[in-house]
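# A structural walkthrough
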Amino acid sequence: METQKENFRVQQWVVLVAVILFGLKIAAYFLTRSVSILTDALESTVNVISGFIGLYSLYVASKPRDMDHPYGHGKAEFISAAVEGTLIMIAGLIIIYESINNFIHPHQLKQLDTGMILVAIAGVVNYIMGYIAIRRGRKNNSLALMASGRHLQSDTYSTIGILIGVALIWFTGIQLIDNIVAMIFAFIIIFTGYRILRESLAGIMDEADEELLGKMVDSLNKERRIQWIDLHNLRVIKYGSILHVDCHLTVPWYLNVREAHVEVEALSKRIREEFGDTIELFVHSDGCLEFSCPICAKTDCTVRKHPFEKRIEWTIENILSDEKHKLPGTSDALNKST
């Protein structure tokens, strides 16, 4: 809950900064009448709208789980990010429309020096706020905060390009550059929106996060205990800042409930050390079968039926599989042993 409240506070600052910078860029546009600067102002409009949506989603995500939402309200963050990505893409299309319209009906630009100063200030503030939001979002596993931060930083990159374009117009007097710059950054903005939308839909659909799984597999392989014969049927689901992990851990069949629980707790502790307290872990312990003997390195096993041959390293592929691990070519008779 503290993590989610912290996310909410950071998003409040994101919204406040977005509103102030939007006003600054609108002022720059009316001073210059540059469609490139309008590009920046329109993206800031999206910053304001998506900032409020993100704020609401983090408020919902911070609510404790209840009877209707046993896994909490964290999925609201994915919906927020999806809306934000869509709005960014719409802003890019509007910019393309304005650029084409300005090709057909050109107008005189003015006060470019003052406009550049205002836009430059907005760009610096945007980048700093975006950095803070991304850093906090990564720490707290908040897609909504990371989406806001990436949006702010992409706004800064487009601001830099727009400033270069406006400076070229100022020095050369070629006003056609204004439309060309606006068109280029409109496509960059659309691509940024697509990436945010894609990640949010992946979260809503519970798509496997290979980077996260790879990190988890590497960590467990390094700290693997002798009693952990195999790990399989691993599932990781994101609910906002909370990670829900469930898996099956194969241990020697003769361990009693308390001994098996010790192994489960050791596995849980290792994962929490790596990923923090924003993780909910559900581990089901399985007893080993006869075909587990060739991959079990436990030397003091008194009921072993086959000699140890080779330990199977855990990979993303074999921990996601819904089968206990065994060596290739293991006979059907061993596979069916109970």
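This text goes with the structure placed above it.
In what follows, the accompanying structure is described. Source: prediction; values computed, not measured.

Turning to the overall build of the protein chain, a few remarks are in order. Helix and strand counts for the protein chain stand at 10 helices and three strands. Starting at the N terminus and ending at the C terminus, the protein chain contains elements arranged as α-α-α-α-α-α-α-β-β-α-β-α-α. The 338 residues of the protein chain split such that 51% are buried. Here the protein chain displays about 17,100 Å² of accessible surface, and carbon together with sulfur accounts for 62% of that area.

Here we take up the pattern of salt bridges. Summed over all chains, the structure comprises five salt bridges. For Glu 263, the salt bridge identified is with Arg 225, shortest N-O distance 2.9 Å. Of the two residues, Glu 263 sits in helix α8 (residues 257-275) while Arg 225 sits in the loop between α7 (210-222) and β1 (230-239), which places them 38 residues apart along the sequence. Close ionic contact of Lys 326 with Glu 323 constitutes a salt bridge, the shortest N to O distance being 4.0 Å.

Within the structure shown, the criterion is met by three aromatic pairs. When the centroid spacing of 5.7 Å and the interplanar angle of 80° are considered together, the rings of Trp 253 and Tyr 254 count as edge-to-face. For Tyr 254, a relative accessible area of 30% puts it in the partly exposed group.

With that settled, the discussion passes to the layout of surface pockets. A probe matching the size of a water molecule, rolled over the atoms, marks out where space remains unfilled. When its volume is computed, the second largest pocket comes out at roughly 220 Å³. For the second largest pocket, the lining is made up of 15 residues, of which Trp 253, Cys 288, Leu 289, Glu 290 and Cys 293 are closest to its centre. Looking at the lining of the second largest pocket residue by residue, the classes come out as 10 nonpolar, two polar and three charged.

So, on to the nonpolar core. With 29 residues, the main nonpolar core has Ile 37, Ile 95, Ile 162 and Val 166 as its most contacted residues. Residue assignment for this core shows that the elements contributing at least two residues are α1 (2-32), α2 (35-61), α3 (76-104), α4 (112-140), α5 (143-172) and α6 (176-204). Tallying contributions element by element places α6 first for this core, with eight residues. Ignoring any residue separated from it by four or fewer positions in sequence, one finds Val 166 in contact with Ser 34, Ser 36, Ile 37, Leu 112 and Met 116. Core analysis: the next-biggest nonpolar cluster, separate from the first, contains 24 residues, Leu 213, Val 245, Cys 247 and Ala 266 among them.

This part covers the environment of Leu 118. When you line up the elements, Leu 118 lands in helix α4. In the structure, Leu 118 is positioned 92 residues away from Ile 26 in sequence and 9.8 Å away in space, judged by C-alpha atoms. Ignoring any residue separated from it by four or fewer positions in sequence, one finds Leu 118 in contact with Leu 24, Ala 28 and Leu 31.

About the cut-offs
- Residues numbered from 1 in each chain as written.
- Predicted model: local features only at pLDDT ≥ 70, side-chain atom pairs only at ≥ 80, totals over all residues.
- Heavy atoms only, no water.
- Helix = DSSP H or I, 4+ residues; strand = E, 2+ residues; numbered from the N terminus.
- Buried < 20%, exposed > 50% of the residue type's maximum accessible area, 1.4 Å probe, protein only.
- Areas by Shrake-Rupley, 256 points an atom, 1.4 Å probe, with all protein chains shown as cover.
- Salt bridge = Lys/Arg side-chain N within 4 Å of Asp/Glu carboxyl O.
- Phe/Tyr/Trp six-rings, centres within 6.5 Å; stacked < 30°, edge-to-face > 60°.
- 1 Å grid on protein atoms, 1.4 Å probe; cavity = no way out; pocket = protein on both sides within 12 Å on 5 of 7 lines; lining within 4 Å.
- Points joined across faces, edges and corners; volume = space filled by probe spheres on them.
- Nonpolar A, V, L, I, M, F, W, Y, C, P; charged D, E, K, R; others polar.
- Core = buried A, V, L, I, M, F, W, Y, C linked by side-chain atoms within 4.5 Å.
- Contact = heavy atoms within 4.5 Å.

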